[in-house]
Amino acid sequence: MTTMKLVIEKFTGKNDFGHWKIKMKVLLTHNGLVDALKVTAGETSSIDGEKMDEIQEKAQSAIILCLGDMVLREVSRETTAVGV
């Protein structure tokens, strides 16, 4: 089995947000975290609450790691992956 390392340029506000957003969705999908975006957007999910909390936390962390410092300051008080 081979592993794939996905590298995404940090969003700084100067680079293209649309491209960054697409790449982030691919990263979250690849890591099994895309449900964090779906549930908060109002879609239903069969995932139980505890598992969803874990997915939310991991997705939020992944997004934060892909933000530049200035952008991170703007979203530092957000508590969900979609909020970030």
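Definitions and limits used
- Residues numbered from 1 in each chain as written.
- Predicted model: local features only at pLDDT ≥ 70, side-chain atom pairs only at ≥ 80, totals over all residues.
- Heavy atoms only, no water.
- Patch = residues over 30% accessible without salt bridge, like charges linked within 9 Å, V, L, I, M, F, W, Y side chains within 5 Å.
- Areas by Shrake-Rupley, 256 points an atom, 1.4 Å probe, with all protein chains shown as cover.
- Salt bridge = Lys/Arg side-chain N within 4 Å of Asp/Glu carboxyl O.
- Helix = DSSP H or I, 4+ residues; strand = E, 2+ residues; numbered from the N terminus.
- Buried < 20%, exposed > 50% of the residue type's maximum accessible area, 1.4 Å probe, protein only.
- Lys, Arg positive; Asp, Glu negative; His and termini not counted.
- Charge placed at Lys NZ, Arg CZ, Asp CG, Glu CD.
- Contact = heavy atoms within 4.5 Å.
- Expected span 1.5 Å × (residues − 1).
- Arc of directions from axis to C-beta.
- 1 Å grid on protein atoms, 1.4 Å probe; cavity = no way out; pocket = protein on both sides within 12 Å on 5 of 7 lines; lining within 4 Å.
- Points joined across faces, edges and corners; volume = space filled by probe spheres on them.
- Nonpolar A, V, L, I, M, F, W, Y, C, P; charged D, E, K, R; others polar.
- Axes fitted to C-alpha atoms, helices over the stretch in contact; angles between N-to-C directions.
- Parallel < 35°, antiparallel > 145°, perpendicular 65-115°, else oblique.
- Left-handed = near helix turned anticlockwise from the far one by under 90°.

Draft legend 1. Representation of a nonpolar patch on the surface within the structure. Together, Met4, Leu6, Ile22 and Val26 make up a nonpolar patch on the protein surface, roughly 380 Å² of accessible area in all. In this fold, Met4 is placed in the segment before α1 (17–30).

Draft legend 2. Molecular detail of the pattern of salt bridges. With the rule as written, the count across this model stands at one salt bridge. Salt-bridge contacts for Glu54 lead to Lys58; the nearest nitrogen and oxygen are separated by 3.0 Å. Taken together, the residues span about one helical turn, with Glu54 and Lys58 both in helix α3 (residues 49–65) at a distance of four residues. The class of Glu54 is partly exposed, set by a relative accessible area of 34%.

Draft legend 3. Seen up close, a negative patch on the surface. Together, Asp48, Glu50, Asp53 and Glu57 line one region of the surface with negative charge. Tracing the backbone through its elements, the reader meets Glu50 in helix α3.

Draft legend 4. Expanded view of the environment of Glu78. Position of Glu78 among the secondary structure elements: in the segment after α4 (69–75). On a C-alpha basis, the gap between Glu78 and Gln60 in space is 9.2 Å, while along the polypeptide they are 18 residues apart. Apart from the residues lying within four places of it in its own chain, the contact partners of Glu78 are Gln60, Gly83 and Val84.

Draft legend 5. Expanded view of α3. The terminal C-alpha atoms of α3, which comprises 17 residues, lie 24 Å apart, in line with the 24 Å expected from a rise of 1.5 Å per residue. Those residues of α3 lying buried are Met52, Ile55, Gln56, Ala59, Gln60, Ala62 and Ile63. Buried residues of α3, viewed axially, fall in a sector of 160°; they line one side. Across α3 from its buried face, at more than 90 degrees, point the exposed residues Glu50, Asp53, Glu57 and Leu65.

Draft legend 6. Fine view of the layout of surface pockets. By volume, the largest pocket amounts to about 330 Å³. Of all the secondary structure elements, the ones that give two or more residues to the lining of the largest pocket are α1, α2 (35–40) and α4. With six residues, the single largest contributor to the lining of the largest pocket is α1. For the lining of the largest pocket, a count of residues per class yields 15 nonpolar, no polar and three charged.

Draft legend 7. Region of the structure containing the packing of α1 against α3. For the pair α1 and α3, the least separation of the axes is 11 Å and the interaxial angle reads 140°. As judged from the angle between their axes, α1 and α3 are oblique. Pair α1 / α3 crosses with right-handed handedness. Side by side, α1 and α3 meet where Trp20, Met24 and Leu28 of the first sit next to Ala59, Ala62 and Ile63 of the second.

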